[in-house]
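Summary of structural features
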Amino acid sequence: VPSLLKRTEDADGGVAEASFKALGEIAGEKEIPALLDLLLSTRHVAAGEAALSAVCARQTDPAADTGLLLSALAKAQGEPKLALLRVLGTIGSPQALAAVRAAAAESDVAVQKTALQTLCDWPTADALSALAQIARTTVDPKTKILAQRGQLRMIALDAVPAELKLAHLKELLPSLERAEEK
């Protein structure tokens, strides 16, 4: 693992990306801080994101790593910030949800779009109310449609109680304008 961590900074992009891929398969929780540092500085953000997501997904308690990711998110700019938002979506903890929800309200359009997509792909129905709020308050038709589709996906989850499904559908149905969503 230490050798692979060094190789992620190799001048040869193929070597760096292969190192990230291998780290995604064999690195553990103790390498998460190093992977976060690399993600903030690498030119191979997609490979770093994939490795970090894989390592976080393998943890018995992925939410335990949320604090580390939130600290990195506070320092991140550009593509690494977008990558960290998506990784937070794979963790799915309440703190991760709060951070992604806050990012959806940032002024940076790329951050907003990534945060919205992350909320739409959230692994649990916990993001349902955030998507409902976005759909109600946005003036952008594309954002509204994406938020509504995310809601519809989550409403269909088995873990959502029938009463909650019905309440959200009653709220959502009148706001649907397109036949595809209805």
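Here, every reference points to the structure presented above.
Residues numbered from 1 in each chain as written. Predicted model: local features only at pLDDT ≥ 70, side-chain atom pairs only at ≥ 80, totals over all residues. Heavy atoms only, no water.

Focus on the layout of surface pockets
Its volume calculated, the largest pocket comes out at about 420 Å³. Lining the largest pocket are 17 residues; nearest its centre among them are Ala104, Gln112, Leu116, Ile134 and Thr143. Looking at the lining of the largest pocket, the elements with two or more residues in it are helix 8 (109–120), helix 9 (128–137) and helix 10 (141–155). By residue number, the principal contributor to the lining of the largest pocket is helix 8, which donates 5 residues. By residue class, the composition of the lining of the largest pocket is 7 nonpolar, 6 polar and 4 charged. (1 Å grid on protein atoms, 1.4 Å probe; cavity = no way out; pocket = protein on both sides within 12 Å on 5 of 7 lines; lining within 4 Å. Points joined across faces, edges and corners; volume = space filled by probe spheres on them. Helix = DSSP H or I, 4+ residues; strand = E, 2+ residues; numbered from the N terminus. Nonpolar A, V, L, I, M, F, W, Y, C, P; charged D, E, K, R; others polar.)

Some thoughts on the nonpolar core
Of all hydrophobic cores here, the largest spans 49 residues; its most connected members are Leu35, Leu52, Leu69, Leu84 and Leu119. Top contributing element to this core by residue count: helix 6 (residues 78–91), with 7 residues. (Core = buried A, V, L, I, M, F, W, Y, C linked by side-chain atoms within 4.5 Å. Buried < 20%, exposed > 50% of the residue type's maximum accessible area, 1.4 Å probe, protein only.)

Observations concerning the environment of arginine 86
On the secondary structure map, arginine 86 appears in helix 6. Separated by 14 residues in the primary sequence, arginine 86 and valine 100 have C-alpha atoms spaced 8.7 Å apart. Beyond its immediate sequence surroundings of up to four residues, arginine 86 is in contact with Glu49, Glu79, Thr114 and Thr118. (Contact = heavy atoms within 4.5 Å.)

Digging into the side chain of glutamate 31
Mapping glutamate 31 onto the fold places it in the loop between helix 2 (13–26) and helix 3 (32–41). It is lysine 30 that comes nearest to the buried, bridge-free glutamate 31 among opposite-charge side chains, at 4.3 Å. Apart from residues lying up to four places away in sequence, glutamate 31 is in contact with Val1 and Leu5. (Lys, Arg positive; Asp, Glu negative; His and termini not counted. Salt bridge = Lys/Arg side-chain N within 4 Å of Asp/Glu carboxyl O.)

Section: the packing of helix 5 (residues 66–75) against helix 6
The N-to-C vectors of helix 5 and helix 6 enclose an angle of 160°; their axes lie 10 Å apart at closest approach. By the angle class used here, helix 5 and helix 6 are roughly antiparallel. Note on packing geometry: the crossing formed by helix 5 with helix 6 is left-handed. Packed against helix 5, whose contacting residues are Thr66, Leu69, Leu70, Ala72 and Leu73, the element helix 6 presents Lys81, Leu84, Leu85, Val87, Leu88 and Ile91 at the interface. Looking at the contact of helix 5 with helix 6 residue by residue, the classes come out as 9 nonpolar, 1 polar and 1 charged. (Axes fitted to C-alpha atoms, helices over the stretch in contact; angles between N-to-C directions. Parallel < 35°, antiparallel > 145°, perpendicular 65-115°, else oblique. Left-handed = near helix turned anticlockwise from the far one by under 90°.)

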